[in-house]
Structure formats: structure tokens, C-alpha cells
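# Remarks on the overall topology
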Amino acid sequence: MSEMTTIAPSAFHVMLKPRGAICNLDCAYCYYLAKELLYPGSRFRMARDLLEEYTRQYIEAQGVPEVTFAWHGGEPTLMGLDFFRLAVEFQQKYSRPDMRIANTLQTNGTTLNDEWCQFFHENGFLLGLSLDGPRELHDAYRVDKGGKPSFDRVMAGLALLKEHHVEFNILTTLHAVNVGHPLEVYHFLRDEVGTQFIQFIPIVERNNDTGFQEGERESERVSERSVSGRQYGDFLIAVFDEWVRHDVGRVYIQIFDVALAAWVGARPGLCIFEKTCGNALAMEHNGDVYSCDHFVEPRYKLGNIRQLPLLKMVSSQQQQQFGQDKYQTLPRYCRECAVRFVCNGGCPKDRILLTPDGEPGLNYLCDGYKAFFTHIDSPMRRMAEELRAGRAPSNIMYYLAQEELELQHRLAHAGRNDLCPCGSNRKFKKCHGR
């Protein structure tokens, strides 16, 4: 174990919270708003000298040519535009000659104006915009402090991003209200919003009084806003079946990209599906560093950047053990699962169930992951074959279209008492011939 203390990753990622949990919205399912209680009496504003110290240490600690600053909250734009102008100045000051600096910022979009968007465009920021689907699905939980809906303000912010040619992607949380409308959500994001990049994040909200990752290991101990594992799987399957026939190479959905990487034999590239984790940390407005954005809790605090070097915290025994636990605590049921190569047990925060044989550590979303990854196996294998042959994975759309034409031809010539050509092993008259 002592060897762990000497190992430093060549690259790591930090979600920076310059305004802490402070936000102008009051989304019912937000896991981070409760973190405000960790800092009673705070102004929740990152100081200038702390911003500079973090920038210097973060850049110096990275052993890769591209370094990404990730701004999160709360709502990071509540720091004001001058703060981010200063952030860019510090990045330029400490950047090495051969280094590229990138910035990503997650926003609810309601505070954006022309000045913000011009700045984002000029400085190459990638914006993540939170949008849960059409108006009635989005406004179900994404409301402001007065309980008023936010959809119109988000769409106004989106229009400004487009007007100023700011690169953006969409983060859609899946919850009890929108999870039953997969194609409505997907078509809205693809056709009306016009996004090419989508993340679907399932809400698994622990039903406790602390806001921490704790509680009884029972499925009923999640909130009524949460999705079930099967609901999540069914949503992804419905979207995938649409995407794989029409949008491969045109719309990029994070979990589909992750899956294709796994089927090719590469690392998934997303912490929740990696074998181990620990290289994606979080830093609060006062310099406190935590093991993970989902574990901003006292027992996962690594220290404060004003007292301990950032790299020392990242490479500490505590943090490395946090990352190794993702694999070491994986139940036997998961280790023997056919889709473990892509799932790897999912995020530790969601491992709140018992396996069928009573072992703790089963992911709450297991049913959904297993259904989804099993469903996509055949097309993923074919797309992986295309990649290995130096061809475009989007060829899958042509192959599936040809197979559909052939199936329709066979259906048109099937007798009522023949086996259905679809492969269901039922008679045609009781299947497609009804």
C-alpha cells in the first residue's frame, strides 16, 4: 500500500466550483445544492489569489500537452465575467509553450447575454447546457428559487450561444417525468435544439437528510424523482434504435461513444465505466479538494490547496485507495457478468443494492445497464468491425436499411401459417401478419 503514495497520474481532471453550490435555480433533483451546508457563513466566492494558485498548480501537475479547466457549480457564471477574464489571464501566464489550454463550463443557460457569449466564443469555451427536453418535461423539476419555470430562459440562452457561434453540448438529466418519453426528448434535442452532442445523466437520488452518499441499501430509499434501472435501460434502447438507423456520425451521444470504445477494445474513457477511478476530483470555492464531485463530503476531503499541493492530494494513498475501491469492492455477481467489460459496475455512488446472492455493492441501475448493453451488442460488434477495417461506423445505417428492405420483402411473401421471417419463431399470422 505504501507504494501508492509515490504514484502520480500523468493527467487528472478537477471540477472547479468557484461559487460553490450557489445557483439561481432550485432544481428539485440537484445533488449539489445541499453542499452549501458544508460552509456556513461563507460568501461562496473564490478569491483571486486562490484562483491563481490553483491555475499554477493544476497546469504544473499535468504531464500532457492539453489541459482542460472544468467550471461547475452551482452556477459558475454567478461569479461574473471579470472572474473568467482573470482566469484566462492566469492560464496564459502559467501555460507552457507546447501546451494547449481548454475551458469547459456547465451552465443552466439562464444568465447568458451577448457579452458572456462573445467572451466564450473569443476564448474557445465549450459550454455544457442543462436541458431536460421539451417545455413540460424540462420545467417539471428545473425551476428557479421562486418556483417559476426556466425553459424559456434556457432557450433564450441557447439562441445566444448559436448566434455567437459558441460550441455547446447538451446535458439532459433523466428523471421520473421525462424518462418515459425517450423519442420525444431525443427528437427535440436533435431537431429543435440542433445539438450534435448529448449526455444523458440518470437521476439516482438517495433519500436521506444529509445529501451524502449514504442510506439503507434498498431501492425504495431513493427519491420519487429517481429513475429505475429498467426505465433508464428502456430509454437508452429506444434512443439507440433511432440513432443507429439514422444518426450515426451526425449526433454523438456520450454513452454510445463509450460503448463503441469498449467494443473496439479500448478503454471506455468515462470514469463511471472505467475499471478504477480517482482521477476526476472536485475543488470547492475555498480550495478544499474532494475525491469526486459526487463525494463532496467530510470523509472524502483530501485537504486544502492552500496547505497541501494539489498533486500530493491527487497521488495520496487516500485518493488512490478511493479509485482502487471501484474494482476491489465489485461483487462476484458483477465480476462474472457478460457486460462487465463495458460497465465495470458503474459509478460507486449508485452501488446501493444487494446482489441476488446477498452481496452488497450492486449498482442501482444494473437492470438497465444489462438490458441496454445486451441489446446493442450486435450493432456495436458490426460498428467495431467497420472501425477495425478502416471504414466509417456510420455504414451500419446502410446495412440496417438493406436488412429492413429484405425483411419487408420476405414479410410480403409469407404465408399465414409460415414461421414469421422476423425470427420470432411464431407463425406469421400471430406475429407480423396480424
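Our subject in this report is the structure included herewith. (Residues numbered from 1 in each chain as written. Predicted model: local features only at pLDDT ≥ 70, side-chain atom pairs only at ≥ 80, totals over all residues. Heavy atoms only, no water.)

When helices and strands are tallied, the chain shows 15 helices and 12 strands. For 434 residues, the compact-globule formula gives about 22 Å, and the C-alpha radius of gyration of the chain, at 23 Å, lands near that figure. Dimensions along the principal axes, computed over C-alpha positions, put the chain at roughly 80 × 50 × 45 Å. The proportion of buried residues among the 434 residues of the chain is 52%. Taking contacts inside the chain between residues at least 6 apart in sequence as the whole, the part at least 24 apart equals 68%. Summed over all atoms, the accessible surface of the chain reaches about 20,100 Å², with 50% contributed by carbon and sulfur. Looking at charge distribution, the chain has the averaged site of its 49 positive side-chain charges lying 4 Å from that of its 55 negative ones. (Helix = DSSP H or I, 4+ residues; strand = E, 2+ residues; numbered from the N terminus. Rg over C-alpha atoms; globule rule 2.2 N^0.38 Å. Buried < 20%, exposed > 50% of the residue type's maximum accessible area, 1.4 Å probe, protein only. Contact = heavy atoms within 4.5 Å. Areas by Shrake-Rupley, 256 points an atom, 1.4 Å probe, with all protein chains shown as cover. Lys, Arg positive; Asp, Glu negative; His and termini not counted. Charge placed at Lys NZ, Arg CZ, Asp CG, Glu CD.)

This part takes up the packing of aromatic side chains. The relation between two aromatic rings is expressed through the spacing of the ring centres and the mutual angle of the planes. This structure, assessed with the given rule, holds 35 aromatic pairs. With a centroid separation of 6.5 Å and an interplanar angle of 45°, the aromatic rings of W263 and F373 are classed as tilted. You can see W263 sitting in helix α8 (residues 254–264) and its partner F373 sitting in helix α13 (residues 366–375), a full 110 residues away along the chain. F373 gets classed as buried once you look at its relative accessible area, which sits at 1%. By the ring-pair criterion, three or more aromatic residues cluster together here, those being F12, Y54, Y58, F69, W71, F83, F84, W116, F119, F120 and F125. Geometry around Y32 places K17 over its ring, the cationic atom sitting 3.8 Å from the centre. In this structure, K275 is placed above the aromatic ring of Y327, and the distance from its NZ or CZ to the ring centre is 4.4 Å. (Phe/Tyr/Trp six-rings, centres within 6.5 Å; stacked < 30°, edge-to-face > 60°. Lys NZ or Arg CZ within 6 Å of the ring centre and 35° of its normal.)

On to helix α1 (residues 48–61), then. With 14 residues, α1 should reach 20 Å at 1.5 Å per residue; the first-to-last C-alpha distance of 20 Å fits that figure. Taken together, the buried residues of α1 touch β1 (13–16), β2 (66–71), α2 (81–94), β3 (100–107), β8 (280–283) and α9 (310–314). (Expected span 1.5 Å × (residues − 1).)

W71, F200, W243, I253 and F373 are the most contacted members of the largest nonpolar core, which totals 103 residues. Aside from chain neighbours lying at most four places away, what touches I253 is Y186, I198, F200, V239 and W243. Counting residues in hydrophobic clusters, the runner-up holds eight residues, among them A21, I22, Y32 and V296. (Core = buried A, V, L, I, M, F, W, Y, C linked by side-chain atoms within 4.5 Å.)

Moving on: the pattern of salt bridges. For the structure on display, the rule yields 25 salt bridges. R225 is paired through a salt bridge with E205; the nearest N and O atoms lie 2.9 Å apart. One end of the pair, R225, is in the loop between β6 (197–202) and α7 (229–246); the other, E205, is in the loop between β6 and α7, with 20 residues separating them in the sequence. Close ionic contact of R299 with E297 constitutes a salt bridge, the shortest N to O distance being 3.7 Å. Looking at R299, the relative accessible area reads 53%, which means it is exposed. (Salt bridge = Lys/Arg side-chain N within 4 Å of Asp/Glu carboxyl O.)

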